[in-house]
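Architecture and fold: a report
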Amino acid sequence: RSRLPPLGSLAAFEAACCHASFTRAAEELNLTQAPVSRQIRTLEEDLGILLFDRRRHDVALTTAGQRFAEIVNPAVLQIASAKDALPRDANEFTICT
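Report on the accompanying structure. (Residues numbered from 1 in each chain as written. Predicted model: local features only at pLDDT ≥ 70, side-chain atom pairs only at ≥ 80, totals over all residues. Heavy atoms only, no water.)

1. A short note on unusual backbone geometry
Residues other than glycine seldom take positive phi values, yet Ala 20 does so here, at roughly 55°. Residue class for Ala 20 comes out partly exposed when judged on its relative accessible area of 29%. For Asn 30, which is not glycine, the phi dihedral falls at a positive 60°. Within the secondary structure, Asn 30 is located in the loop between α2 (22–28) and α3 (33–47). (Buried < 20%, exposed > 50% of the residue type's maximum accessible area, 1.4 Å probe, protein only. Helix = DSSP H or I, 4+ residues; strand = E, 2+ residues; numbered from the N terminus.)

2. Concerning the pattern of salt bridges
Throughout the structure, instances matching the rule amount to four salt bridges. With a closest N to O distance of 2.4 Å, Asp 46 and Arg 3 form a salt bridge. On the criterion of sequence distance, the pair formed by Asp 46 in helix α3 and Arg 3 in the segment before α1 (7–19) is long-range, its members being 43 residues apart. Glu 44 is paired through a salt bridge with Arg 41; the nearest N and O atoms lie 3.2 Å apart. Of the two residues, Glu 44 and Arg 41 both sit in helix α3, three residues apart, roughly one turn of that helix. In this structure, a network of salt bridges that share partners links the residues Arg 41, Glu 44 and Arg 54. (Salt bridge = Lys/Arg side-chain N within 4 Å of Asp/Glu carboxyl O.)

In structure tokens:
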């Protein structure tokens with residue numbers, strides 16, 4: 001099984017795609033802009049590709065970033081939906097390794 005990218009960086013990536021801004025992504029994630037920028041940079045280094053073109057006041061997905069977003073962003077949103085679907089009184093869970 002191949003190694004997953006850092007999961008926090010995938011959430012930052014999805015938010016940055018949605019807002020075309022690391023600053024607005026940070027607001028959504030209750031972070032500052034610097035950690036979001038670092039998470040995106042970490043993801044790019046892990047993947048070995050540039051995901052965003054950085055501009056003065058915003059960011060835009062590269063072609064590779066667009067392809068990555070088409071696959072990853074629905075998965076990130078599906079994970080968030082799964083979390084929301086859990087019963088609120090669930091006290092036990094099992095993590096498979």
